[in-house]
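Chain and residue survey
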Amino acid sequence: NDIVSIGFDNENNESLYSNTDVLYKIGDFSLDQFSFNIESSDKNRAYNIYAFKRSFAGFENQYFNNSSQPIQQSYIVSLLSNKENTIGSIHLGHFNTYSNFPDEESSSKYRQIITTANSKIQQNYGKFSLILSLDNFLQKLRSNHSLSITTKNRFLVRSIFEGKINFSGSNDWDTSISFLQNKRSIKTDSIRFQNWNSVLVNMLYKNLDLHIKYGSINKQLLSGYGLNIHKEIMGFFLKLSLLADSKPSHPYY
């Protein structure tokens, strides 16, 4: 295999950092891989840009799609701002898979595109902190395998909005309350919507971690709880966990 790797580092002082990495690989079975990463940060802000592509034929040529398009592609951008008592971040991601898939009856192709967008802002007030976050997920899937239910495009849209209050008390006691709103839609031949909300209370005290969740979807109750106790004795780490959870089932398509 032939491997070409290039890296650059630049550190001017403790408050400023920047780095660039470039990687290129050529190998057997049509291996063609390229990636690069650019990141920079200072006292108040930081960003990261990442890109990746990969093609590979496999021992039976089962993944090669007879095109010049890479089998896998990923692109990620992250931005972070930290100023006084406010912290904010934005993350964007795009992931693309396009390849053949083993099929005894005929040739098949598999195509999946995923796009994600996540944002978060945190405001600190002494021992209290308020956090608002929004997560979005979009998946587009298409396959013409002989076992596929349909060869049409299928879509999954998922979003979560969360408001969270943290309180750091004395004597190693921390408490948080989260309010979550969930939305999901699935499109095949028809569109199905599903929304549900929940409240989560989490308490941490030394070696104890306890959380209680309560919510509903339509008229169905969603509840759960969890308890973790851990202790280190004479170099051994002991942990006891108890978990009960209820949540909407994820459709298989």
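Quantities reported herein were computed from a predicted structural model and do not represent experimental measurements. (Residues numbered from 1 in each chain as written. Predicted model: local features only at pLDDT ≥ 70, side-chain atom pairs only at ≥ 80, totals over all residues. Heavy atoms only, no water.)

**Overview of the confidence of the model for the protein chain**
Residues at a pLDDT of 70 or more form 90% of the protein chain, whose mean pLDDT is 86. Segment residues 1-9 is flagged for pLDDT under 50; beyond a separation of four residues in sequence, or across chains, it makes 21 contacts in the model. (pLDDT = per-residue confidence, 0-100. Contact = heavy atoms within 4.5 Å.)

**Comments concerning the pairing of strand 7 (residues 109-125)**
For strand 6 (residues 86-100) and strand 7, the ladder comprises 15 bridges, and the chain directions are antiparallel. Pairing of H91 across the sheet is with N118, part of strand 7. Of the strand pairs in this sheet, strand 7 and strand 8 (residues 128-143) are connected by 16 bridges, and their pairing is antiparallel. Note on strand 8: the bridge partner recorded for T116 is F137. (Pairing = 2+ DSSP bridges. Helix = DSSP H or I, 4+ residues; strand = E, 2+ residues; numbered from the N terminus.)

**What to know about unusual backbone geometry**
Not every positive phi belongs to a glycine, and E84 is a case in point at roughly 55 degrees. You can call E84 exposed: its relative accessible area is 75%. A positive phi angle, close to 50 degrees, is found at M234, a residue other than glycine. For M234, the position within the fold is in the loop between strand 13 (220-233) and strand 14 (236-244). (Buried < 20%, exposed > 50% of the residue type's maximum accessible area, 1.4 Å probe, protein only.)

**Comments concerning a nonpolar patch on the surface**
There is a patch of nonpolar side chains on the surface, built from I121, Y125, F128, L130, L132, L134, F161, I165, F167, I177, F179 and V199 and spanning about 1000 Å² of accessible area. Contributions of two or more residues to the nonpolar patch are made by strand 7, strand 8, strand 9 (154-168) and strand 10 (173-187). The dominant element in the nonpolar patch, judged by the number of residues it contributes, is strand 8, at four residues. Tracing the chain through its elements places F161 in strand 9. (Patch = residues over 30% accessible without salt bridge, like charges linked within 9 Å, V, L, I, M, F, W, Y side chains within 5 Å. Areas by Shrake-Rupley, 256 points an atom, 1.4 Å probe, with all protein chains shown as cover. Salt bridge = Lys/Arg side-chain N within 4 Å of Asp/Glu carboxyl O.)

**A word on the packing of aromatic side chains**
Enumeration according to the criterion identifies four aromatic pairs in this entry. On the basis of an interplanar angle of 45 degrees and a centroid distance of 6.3 Å, the ring pair of F34 and F36 is categorised as tilted. Owing to a relative accessible area of 27%, F36 belongs among the partly exposed residues under this scheme. Measuring from centroid to centroid gives 5.2 Å for W173 and Y205, while their planes differ by 50 degrees, and the two rings are tilted. Pair noted here: W173 is in strand 10 and Y205 is in strand 11 (residues 191-205), with a separation of 32 residues, a long-range link. Judged by relative accessible area, which is 30%, Y205 ranks as partly exposed. Against the face of Y98 rests R111, its NZ or CZ located 5.2 Å from the ring centre. (Phe/Tyr/Trp six-rings, centres within 6.5 Å; stacked < 30°, edge-to-face > 60°. Lys NZ or Arg CZ within 6 Å of the ring centre and 35° of its normal.)

**Let's talk about the pairing of strand 9**
Here 14 bridges tie strand 8 to strand 9, and the two strands are oriented antiparallel to one another. Directly across from L141, in strand 9, lies its bridge partner R154. Of the pairings in the sheet, the one linking strand 9 to strand 10 comprises 14 bridges and is antiparallel in character. Directly across from F155, in strand 10, lies its bridge partner K187.

**What about the pattern of salt bridges?**
According to the stated counting rule, one finds four salt bridges in the structure shown. Between D32 and K53 there is a salt bridge; the shortest N-O distance is 3.3 Å. One end of the pair, D32, is in strand 3 (residues 31-41); the other, K53, is in strand 4 (residues 45-55), with 21 residues separating them in the sequence. In this structure, K152 and D189 form a salt bridge, with 3.8 Å as the shortest nitrogen-oxygen distance.

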